[in-house]
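If you want the building blocks of each chain, they are given just below.
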Amino acid sequence: PFAMAASKRPLAARLLKVVLESGDAHAITVQPDERAKTVHDWLVGQLEPVEDAALGALAIQHDEAYESPVECDTTLDDLGLFVKESGTIVLKVSAVVEGSVEGSWRDQPLQRRTPRGALFRHILKEDWGQRVADGGLPAIEARNQAIRDAIREKGEEGLEEQLLYVKSRVRGSPAKWVVELEKDEPTYKIGMDIRVAIRCVDAIGLSADDIGDTELSVEVASVPAKPSSAFTFTIPLRADDLTDESGQQGDTADAASLAWRGRRILCLPKEQPRGKEQPFTLTVTDSAGRTGTSGKFYIEEEATMGDDSNTPEIDATLTFKWWDETVNKAPPADSTLTKIAGGRGVDIYVHPSEPGQVLRELREFPSTQKAVREFFKDLTVWQLVGGRCGGKVAQMTNGLGWYFDRQDLRAGFCMRRYDRGSLDEQLTPKMKMSDRFGLCDQVLEIMVTLDGEFPKLMFPDIKPKNFLCQSHTSDALRVLLTDLDDVRRVDSRGLTSTTPYRHPDWEVGAPTKKLYEQYSVAVTLLQILLGMRSEHEWSPADYVQSTFVAPYSSITGADVELCSLRDYCPTILTHLAKFFTRDAGNLKQEEGEEGESRYSQMRDEMKQVADAERDYRAAPATSRGGGSNGSFTIVCGGVEQVLTTEEWQGKLTRMVGRWESDLMTMTSFKGDYRGDLENVRMTLKELKRSVGQKPGDLSRKKIIGSVRDVVEAVLAHLARWMKKDPRFDPSSLSNAGGRPWPNIVLDELRSEMRAPPSARKLEDFYHTKLSGIGSWAVRYGTNIERLCNNLKDLRDYSHKVRTHLPDHSFLCHSHSLVC
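Residues numbered from 1 in each chain as written. Predicted model: local features only at pLDDT ≥ 70, side-chain atom pairs only at ≥ 80, totals over all residues. Heavy atoms only, no water.

Across its full length, the chain holds 20 helices and 30 strands. Expressed as a percentage of contacts within the chain between residues at least 6 apart in sequence, the contacts between residues at least 24 apart total 64%. A total accessible area of about 39400 Å² is found for the chain, and carbon and sulfur atoms account for 48% of it. (Helix = DSSP H or I, 4+ residues; strand = E, 2+ residues; numbered from the N terminus. Contact = heavy atoms within 4.5 Å. Areas by Shrake-Rupley, 256 points an atom, 1.4 Å probe, with all protein chains shown as cover.)

All right, on to unusual backbone geometry then. Look at the link from Thr499 to Pro500: it is a cis peptide, with omega at 5 degrees. A cis geometry characterises the amide bond from Ala550 onward to Pro551, with omega recorded as 15 degrees. One non-glycine residue, Glu185, adopts positive backbone phi at about 50 degrees. As for its placement among the helices and strands, Glu185 is situated in the loop between strand 9 (176-181) and strand 10 (187-188).

This next bit is on the pattern of salt bridges. A full pass over the atoms with the stated rule returns 33 salt bridges. A salt bridge links Asp676 to Arg720, with the shortest nitrogen-to-oxygen separation between them at 3.0 Å. Taken together, the residues Asp676 in helix 16 (residues 674-691) and Arg720 in helix 17 (residues 700-723) connect sequence positions 44 residues apart. Accessibility classification places Asp676 together with Arg720 in one group, the buried group. Glu678 is paired through a salt bridge with Arg681; the nearest N and O atoms lie 3.2 Å apart. (Salt bridge = Lys/Arg side-chain N within 4 Å of Asp/Glu carboxyl O. Buried < 20%, exposed > 50% of the residue type's maximum accessible area, 1.4 Å probe, protein only.)

With that settled, consider the nonpolar core. With 80 residues, the main nonpolar core has Phe459 and Leu525 as its most contacted residues. In contact with Leu525, other than residues within four places in its own chain, are Cys440, Val443, Leu444, Phe579, Phe580, Met602 and Met606. Judged by nonpolar contacts, the second largest core, of 41 residues, contains Trp659, Leu684, Ile703 and Ile744. (Core = buried A, V, L, I, M, F, W, Y, C linked by side-chain atoms within 4.5 Å.)

Below, the discussion takes up the pairing of strand 4 (residues 58-62). Burial along strand 4 is one-sided: Leu58, Ile60 and His62 are buried, while Ala59 and Gln61, pointing the other way, are not. With 2 bridges connecting them, strand 4 and strand 5 (residues 68-69) associate as antiparallel partners. When the sheet's bridge partners are listed, Gln61 is paired in strand 5 with Pro69. (Pairing = 2+ DSSP bridges.)

Residue position: Asp405 is located in strand 23 (residues 402-405). Within the local environment of Asp405, its side chain forms a polar contact with the backbone nitrogen of Ala330, the two atoms lying 3.0 Å apart. Within the structure, Asp405 has its side chain in polar contact with the backbone nitrogen of Asp408 (distance 3.1 Å). When neighbours within four sequence positions are excluded, Asp405 is seen to be in contact with Asn328, Lys329, Ala330, Phe365 and Arg410. (Polar contact = N/O pair within 3.5 Å; in protein donor to acceptor, adjacent residues only side chain to side chain.)

Looking now at the packing of aromatic side chains. Inspection of every chain in the model, using the stated rule, returns 11 aromatic pairs. Judged by centre distance (5.5 Å) and plane angle (85 degrees), the rings of Trp538 and Tyr543 are edge-to-face. Judged by relative accessible area, Tyr543 falls into the partly exposed class, the value being 23%. Among the aromatic residues, those joined into a ring-pair cluster are Phe365, Phe375, Trp382, Phe404 and Phe413. (Phe/Tyr/Trp six-rings, centres within 6.5 Å; stacked < 30°, edge-to-face > 60°.)

Here it is in C-alpha cells:
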C-alpha cells in the first residue's frame, strides 16, 4: 500500500549532482517531464564543451565512488531519480571530441550550458575580448556586469543581439590613444611608408564611441630622448580612414576595432640615426591631453646624410612628414602639359593654372622603395637648402610646393619660373667680358654661401645648365642654382657627374671629395669666360692652354671681346691662365688645408682680374694727350678732322639717335616681328652706354663691339622676315656650309636686290628708289642696296677694329652726315 500510495503522488523536480572531469560539481534541476530522456540526451542539453568543437562520446559513471558506469541510453526514470525518497544521485561526466587529425580523439573540457556562458564564449572569440582580459580586473568586472544586464534585458533575443548590447555597454568615454605599428620593432628606410593604426580607446581598451578631435599632434623622439631629437607635427583624422580590422566602414564595421589606418607618415631624412643603435617612438596627443605611444621602431643607417660632428647639415634632425593624398596631389592638367626644358630623369612644364610657376616633374613615377627614398631625400634637400640659402637657389612655391600622387602616378616640385632659362642658354661669344666676370662672381657667391651653410655636403653636378637666370635691374642677369638632386655627403659613394665637369681622378664607387665639386665650379667659370655653350665635348685643360696662353689659337674673330684682349691687353689673358693653372681655380689642385674657403679665394682672385679688365676698357680713347682735352685724328667724309674726346662722344651719341630713328621706319618691324625691334633697341642702348658721357667712359673697342651687335640684330630680323618665320634661328644657317651666318644673310640680301618683283621676299619699302640726297647718298639706287652695303661695311669694320666708322647712315631718309 505504501508503494502504491507513493507511485500515485505527483512527481516533483529533483536535483541531480553532475561532477565534471575538472572537479566542478553542478546541482541541476530535473523536471518530471524530462524523465523519459536518456541520460546522454539530457546531458547534451545541459553541458557544452569549453572549446568550439562538437560534443563527442560521453563517459558517465554512477554514484560517489564513480565505480559503476552508466549506459548512455538509460533514461532518467530508469536511473531511479524519481523513485528514491532520499539520497543524492551523482554522475561524473567526461567527454572526447574529434581532433584536427582525422580519426583522432582528445579529451574535451566541459562546462554548464548557460546563456551567460554562450556570451562568454563569443566574447572570448572576439579580438576585443582579449583586450578586456588584458585590461585586468576593472575591465573584467565591467564585462561581467554588461553580460548580466544583457541576459536580464535581452534574454529573449538572439545571441548576436546580446553581444552587440554587451559591446555598447562596455565601450565608455575615451581615455587614451593606442598607436599600433605594423609589427614589433620594425625598421624603416628613408621614404618608406610607416603603416600605422591610431585607435581611440576607453578605459578597458576598446575603441571608444567618442573619437575625440579630428586632429592629433604627433611627436617623434629618440629613446631615450636626446636634446633636439624630438619634434612635432599635426595630422588630420579623416572619416574615410576610420575602418575596422577587416577594412569595413560605417554600420557594417566592427565598432570595437575601429581605428585610423593607412600609409600616412613618410620618413624624411634630416638626421643621424644609426640603425638598431637608435630606437624611436611616435606619440600622439589630442587637445584634451589624452596620449598614446607606439612601440619602438628604427631607421636604417641609409638615412644618414652627414655626420654627428656637423649639426648644421641636412641630417640635423630626423624629420617625419605627414603625407596626405588629398592635399599632395599633382596639379590637374586638362590638356597636354607644355614642356619647356628637360634634364636627367626630369621634365619642366609650364604650370597649367598658376602663372609664373613651373612643374619640375619626374619622368617616371617612383615605383621602388629606393626611388621613393630618393624623391623624398631630394625634397628635403630642396626645402632645407632653399630655406637657408634663399636667393641663391631656385625656390619651391609656398603653396603646393611638392606632390607625390599615387593615383595619377606623378611626382615633382612646383617652382617659380625664371624667365631667362638656363645660364648655358645665355652664353655667347658676343657677351661682354664685364658681363662674363659678373656671372662668374654670382656663381662663386652662391658656392661661398652653400659651403658656409653645408661644409660637409657635396653639390657635385655644378655646370651652366644647372643655373637658372632671371632678369634683373639694368638688364643684368640674376643667377640661381637649380638641380639639387645629386647632393651627397662628403666621403659618401655613388656620386654621378657629367664630363667635362668630372674631376680626372673621379672613380665609380670611390668616396667623394670636396675637390670634385670645386673642380666642376672651376670648369663652369672657364666656360662662362669662354662664352661657350655646352654643345660639344671639350677639354678644360686644353682650352685654358689655347685661349689664355700665347699664341691664343682658340680665339677666333667670332669673340671680339677675347680678340680685343689678345690684341691690346694680353695681360688679362695671362692672369686668367694663372688663375686656372696655379691659383685658386687650378684645375689640377689637390684638396687644400683648413682655413679660408677655396671659393672665397677664387672669388677674390677673379675680382682682381675683372677689375684689371674694367680699367683697360675704361681707358680714354685718345691717341694724343689725355682727359677731356685729348684729341685724335679721324677721316670723315674724305676730310681729315681733329676731334676731342667730348666732340667724338657728341657725334656718336647723335649717330645712335639717327640710327634708332631710321629703324623705326623699317616696315618689317611689325606684328610677330616686333620683338626683333626690341632686340635692336637693346643693342642700341648698349651702344649708347659704350659711348658714355665722361671721357673715361669712351672705349673704341667697346663701341666697335657694340656696333657689331647692332648689325647682327638687324641681320637676324631680316633673316626671319625672309624665312617668314618669327622664331627662325639665323645661327642655324652656319651649320650647313660652315660660313658665319651674317655673311650668308648678306648674300641673301644681295640676291634680294637682283630678284624680279615676283620673287621678292621683302616689302616694297626696301626696293624704293632713292631721290638723291647729297653726294654721300647718290651711289646707292634703293633702300635695300644702301642697307646691305652699310651693314656689310659696319660688320667688316667691326672685325678689323678700325678707328673710324663708315660715313653713311642706315637708310636713305637720314639727312645728316654720319661718322
